[in-house]
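# A look at the structure
Spelled out from the first residue to the last, the chains are:
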Amino acid sequence: MVKFSKQFEGQLVPEWKEAFVDYWQLKKDLKRIPSLNAQHGATQLQEKEKKSKCSFSCNVLSPLFRKISAYGHERKEHGVIQVHKKLASSASKGDVYETELLDQFADTDAARDFFSRLDLQLNKVNQFYKNKEKEFIERGESLQKQMEILLELKAALKQQRGKTVPSQDSREDPSISCSITCEDEVGKDTTEQEQLQDGCSFGKNEAEFSESPRAEEEGRLMRMKKKESKLRSLSGKVINCQGKNLRINIPLTTPSRTLSAITYLVWEDLVNQSKKCGPEGNKLNINKTKLHHAEKMIRGAFVELYKGLGFLKSYRNLNMLAFVKILKKFDKVTGKQVLHIYLKVVESSYFNSSDKGVKLMDEVEELFIKYFAEENKRKAMKYLRPTQRKESHAVTFFIGLFTGCFIALFAGYVIMAHIAGMYTRQSDTVYMETVYPVLSMFSLLFLHLFLYGCNIFLWRRTLINYSFIFEFAPTRELKYRDVFLICTTSMTIVVGVMFAHLTLIARGHSLIETHAIPGLLLLFFLLMLVCPFNILYRSSRYHFIRVIRNIILSPLYKVVMVDFFMADQLCSQVPMLRSLEYVSCYYITGSYKTQDYGFCMRTKHYRDLAYAVSFLPYYWRAMQCARRWFDEGETSHLVNLGKYVSAMLAAGAKVAYEKEKSMGWLSLVVVMSSSATVYQLYWDFVKDWGLLQPNSKNPWLRNELMLRRKFVYFLSMGLNLILRLAWLQTVLHSNFGSVDYRVTGFFLAVLEVIRRGQWNFYRLENEHLNNAGKFRAVKTVPLPFHEVDQD
């Protein structure tokens, strides 16, 4: 049977761990009370001796003694402890509980410390539950208002469409239109600045509103704002609906919305420079598309609210069970009956007696079923309570099977390659220039994926909520076993094909006959990646493609955690990307037919493209930093952008040095690479990992650590420092015996992938601790409709 402490740790909300009952510390406090158990045992022994001396007359009067004994036992039970409820100094904190120990525990400091900590935990749980319940209730009220506005707009749009007679020339949806004021209202807080946005003014009728003198004065003041603030607050226009001034905000998450918002801003500036708005105003529309975006945002907010209320319900149940378990242990250790006394207080406390969260959860479920699931409860539950995929033992079996196959095939390939002398300096140049890049490319890719699976395993062991951080859907999330299965299966196929290809060459087949095999292998994996059939983790494959699309089109897409995390991975896979570019060029241009492997290096366009591939990952990452600065306005993103610019400059110096091999370029490489390395190390340790904090309770680490052994962090920092210095190989050009220089470059690329693998763990650990520090367990979804003060 699994211990309750393990169950408790496995079921609690990771970001709220500090707000749960500290069950482990209470168990430690209980271990300090062994004397009470011994005293209780001695008391029971004395009672047994007295009973053995009892005479016949005692048996005759036993009914009376039972009544007296029961009365005395009852007084004894109620005389063990007494829990007082006091009013806190602040009304927001609610009631505060304090336990008074009576004579039986008067001389026991351990028991006093235990109940003092127990009271502290009860007060903490009550306060946290009250605050979270209040937060979710406020979210629920806001969502209810959003739904009312959305329903009004949909009804108005439906009415407008009924009145409109569609013509043959018009293909656009009818829309609600009205006049707008000339000036934007600058967002009042950071949250509104992050969203922005597509705005327009609407009403049920095409009534027009003239600007007041106060609005003109405010407009003149707002025109004096900085251009930067105006861009970042591309908020919607002030709108009027049933006497309320409102604004619709659609986040700039896609290129089309971003470009349309920028175009709208430029056009507005041109209009404002040429003329002022007249009393008639400008006409804008809210059509079906905009309402669809708003409805999608509200639906997402309902899902997150329901998830948060589910966490709150689980929080109450787990804490209640923890109180019961620890009080039972106390009774068992001390022999005193305090469970029913203290449990009555716990049951009547706020976190267990309040039903506001439960009622709100039911209301959210009813609203979601009615408005977003067409009265279909089963369909609604797929969104509100998505079920995770069950782990199958077959996955574990195939991992072992393909691992064995991979080891056997790889051993055979290495032996055959050694006999043929393929990886020495006197090796077959055609093979090393054409086939080896394919093998190294797949090896780097699936090694990186394997390390990601190891990261998932460690994140789960240390209760780092990576699914929430990456915003993975529970039904589509890859478990670490799934990742290992993909890696072992793919590498078995790759090594198997390479082994067969090398066997054909060893048997005398010409390279012309076998040269298409590596290209077909690459084509096979590309086709599997875009395969439209619902097989081989289709949802995960398509999600990966969407993330790559977002990276390539940076900064047009809004940047989320998974986007810049993947872009950082690409920065460590530059050798793999260059191999992919070279192999693609080799087969697309048909050079494999003539074995002219130098064609792509001689042609200027392809050579320039190869150099561009070295810069693109850093460029994409820099553009993501620029977009985050645009959305959030934090200067730290600009400083982070400088890190990737320094990496691009260092990479450019290396490319120039490889061309000319002069002392001037060598000096520039050393200076630029050293500066970039120091910059990157500082950002790794201080910003990404949150370490090197001089005033931390853990010297030179951080206050909160997920790993118990501190030396692991120092070891990882030292290893990161060493692996960051791999650029020295560019200057030294050292070789290992008779090994081909391409193999040496491959090993250096492997070291960079390993460095990135360990970086991933600490980066997400720091992100998780930031979420836990703010008790952030659900997303805060931006809402489309915002009310604006009329004065």
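For the structure given in this document, a descriptive report is provided here. (Residues numbered from 1 in each chain as written. Predicted model: local features only at pLDDT ≥ 70, side-chain atom pairs only at ≥ 80, totals over all residues. Heavy atoms only, no water.)

With that settled, consider a nonpolar patch on the surface. Among the surface-exposed residues, Leu 520, Leu 523, Leu 527, Val 530, Phe 544 and Ile 545 lie close enough to one another that they form a single nonpolar patch of about 520 Å² accessible area. Put simply, the parts of the chain that give the nonpolar patch at least two residues each are helix 22 (516-529) and helix 23 (538-552). When residues in the nonpolar patch are grouped by element, the largest group, three residues, is from helix 22. For Leu 527, the position within the fold is in helix 22. (Patch = residues over 30% accessible without salt bridge, like charges linked within 9 Å, V, L, I, M, F, W, Y side chains within 5 Å. Areas by Shrake-Rupley, 256 points an atom, 1.4 Å probe, with all protein chains shown as cover. Salt bridge = Lys/Arg side-chain N within 4 Å of Asp/Glu carboxyl O. Helix = DSSP H or I, 4+ residues; strand = E, 2+ residues; numbered from the N terminus.)

On the surface, a cluster of positive charge is contributed by Lys 3, Lys 6, Lys 17, Lys 28, Lys 31, Lys 325, Lys 328, Lys 329, Lys 332, Arg 461 and Arg 708. It is helix 11 (residues 288-334) that provides the largest number of residues to the positive patch, a total of four residues. For Lys 332, the location among the structural elements is in helix 11. Residue classification places Lys 332 among the exposed positions, given a relative accessible area of 71%. (Lys, Arg positive; Asp, Glu negative; His and termini not counted. Charge placed at Lys NZ, Arg CZ, Asp CG, Glu CD. Buried < 20%, exposed > 50% of the residue type's maximum accessible area, 1.4 Å probe, protein only.)

Bringing the state of the cysteines into the picture now. Here the structure, examined in full by the defined rule, presents one disulfide. Between the sulfur atoms of Cys 585 and its disulfide partner Cys 600 the distance amounts to 1.8 Å. Between Cys 585 and Cys 600, the S-S dihedral sits near -100 degrees, and the bridge is therefore left-handed. One end of the pair, Cys 585, is in helix 25 (residues 574-588); the other, Cys 600, is in helix 27 (residues 599-602), and 15 residues separate them in sequence. The buried category is assigned to Cys 600, whose relative accessible area is 4%. Free of any disulfide, Cys 487 has its nearest cysteine sulfur in Cys 454, 8.6 Å distant. In this structure Cys 625 is a free cysteine whose sulfur lies 9.4 Å from that of Cys 571, the closest cysteine sulfur available. (Disulfide = S-S within 2.5 Å.)

Within helix 24 (residues 561-571), ten of the eleven residues are buried, which leaves the element mostly enclosed by the surrounding structure. Looking at helix 24, one finds that the buried residues are Met 561, Val 562, Asp 563, Phe 564, Phe 565, Ala 567, Asp 568, Gln 569, Leu 570 and Cys 571.

Time to look at the packing of aromatic side chains. All told, the structure shown has 46 aromatic pairs when counted by the stated rule. Put simply, the rings of Phe 4, Phe 8, Trp 16, Phe 20, Tyr 23, Trp 24, Phe 128, Phe 311, Tyr 315 and Phe 775 pair up and form one aromatic cluster. Note that Lys 130 overlies the ring of Tyr 350, its terminal NZ or CZ placed 5.8 Å from the centroid. The cationic tip of Lys 687 hangs over the ring face of Trp 683; the distance from NZ or CZ to the ring centre is 5.9 Å. (Phe/Tyr/Trp six-rings, centres within 6.5 Å; stacked < 30°, edge-to-face > 60°. Lys NZ or Arg CZ within 6 Å of the ring centre and 35° of its normal.)

Quick look at the packing of helix 11 against helix 12 (residues 339-348) now. Packing of helix 11 against helix 12 brings their axes to within 10 Å, and their N-to-C directions diverge by 165 degrees. As judged from the angle between their axes, helix 11 and helix 12 are roughly antiparallel. Two packed elements cross with a definite hand, and for helix 11 against helix 12 that hand is right-handed. On helix 12, the residues that touch Met 320, Phe 323, Val 324, Leu 327, Lys 328 and Asp 331 of helix 11 are Leu 339, Tyr 342, Leu 343, Val 346 and Glu 347. Counted by class, the contact of helix 11 with helix 12 contains eight nonpolar, no polar and three charged residues. (Axes fitted to C-alpha atoms, helices over the stretch in contact; angles between N-to-C directions. Parallel < 35°, antiparallel > 145°, perpendicular 65-115°, else oblique. Left-handed = near helix turned anticlockwise from the far one by under 90°. Contact = heavy atoms within 4.5 Å. Nonpolar A, V, L, I, M, F, W, Y, C, P; charged D, E, K, R; others polar.)

Attention now moves to the pattern of salt bridges. For the structure on display, the rule yields 29 salt bridges. Between Arg 602 and Asp 596 there is a salt bridge, and its shortest N-O distance comes to 2.8 Å. Its relative accessible area of 25% is what places Asp 596 among the partly exposed residues. A salt bridge links Arg 702 to Glu 765, with the shortest nitrogen-to-oxygen separation between them at 3.2 Å.

Moving on, we come to the side chain of Thr 492. Within the secondary structure, Thr 492 is located in helix 20 (residues 480-506). At a separation of 2.6 Å, a polar atom in the side chain of Thr 492 contacts the main-chain carbonyl oxygen of Thr 488. Leaving out residues up to four positions away in the same chain, Thr 492 has contacts with Phe 402, Cys 405, Phe 406 and Leu 409. (Polar contact = N/O pair within 3.5 Å; in protein donor to acceptor, adjacent residues only side chain to side chain.)

With that out of the way, let us pick up the packing of helix 20 against helix 22. Where helix 20 contacts helix 22, the two axes come as close as 10 Å, and the packing angle between them is 165 degrees. It follows that helix 20 is roughly antiparallel to helix 22 by the angle criterion. In this structure, helix 20 meets helix 22 at a crossing whose hand is right-handed. Here Ser 490, Ile 493, Val 494, Val 497, Met 498, His 501 and Leu 504 of helix 20 lie close against helix 22, whose contacting residues are Ile 517, Pro 518, Leu 521, Phe 524 and Phe 525. Across the contact of helix 20 with helix 22, the residue classes break down as ten nonpolar, two polar and no charged.

Turning to the environment of Ala 373, a few remarks are in order. With respect to the helices, strands and loops of the structure, Ala 373 is situated in the loop between helix 14 (356-372) and helix 15 (377-384). Spatially, the C-alpha atoms of Ala 373 and Tyr 383 are 9.3 Å apart, while their sequence positions differ by ten residues. Contact partners of Ala 373, with chain neighbours within four places excluded, come to Phe 368, Lys 379 and Ala 380.

The next thing to look at is helix 22. For helix 22, built from 14 residues, the straight-helix expectation of 20 Å at 1.5 Å per residue is met to within 8% by its first-to-last C-alpha distance of 20 Å. All of the buried residues along helix 22 are Pro 518, Gly 519, Leu 521, Leu 522 and Phe 525. For helix 22, the arc enclosing every buried residue in end-on projection is 155 degrees, short of the 170-degree limit, so these residues lie on one face. In this structure, helix 22 carries Leu 520 and Leu 527 as exposed residues pointing more than 90 degrees from its buried face. (Expected span 1.5 Å × (residues − 1). Arc of directions from axis to C-beta.)

In this section: the nonpolar core. Trp 16, Ile 81, Phe 114, Phe 115, Leu 118 and Tyr 342 are the most contacted members of the largest nonpolar core, which totals 77 residues. Looking at which element gives the most residues to this core, the answer is helix 11, with 20 residues. Beyond its immediate chain neighbours, meaning those up to four positions away, Phe 115 contacts Ile 81, Thr 99, Leu 101, Phe 330, Val 338 and Tyr 342. Residues Phe 472, Ile 551, Met 561 and Leu 681 belong to the second largest nonpolar core, which totals 39 residues. (Core = buried A, V, L, I, M, F, W, Y, C linked by side-chain atoms within 4.5 Å.)

Once that is clear, we can look at the side chain of Asp 29. Mapping Asp 29 onto the fold places it in helix 2 (residues 23-30). Residue Asp 29 is classed as buried on the basis of its relative accessible area, which comes to 2%. With near-sequence residues (within four places) excluded, Asp 29 lies in contact with Phe 114 and Arg 117.

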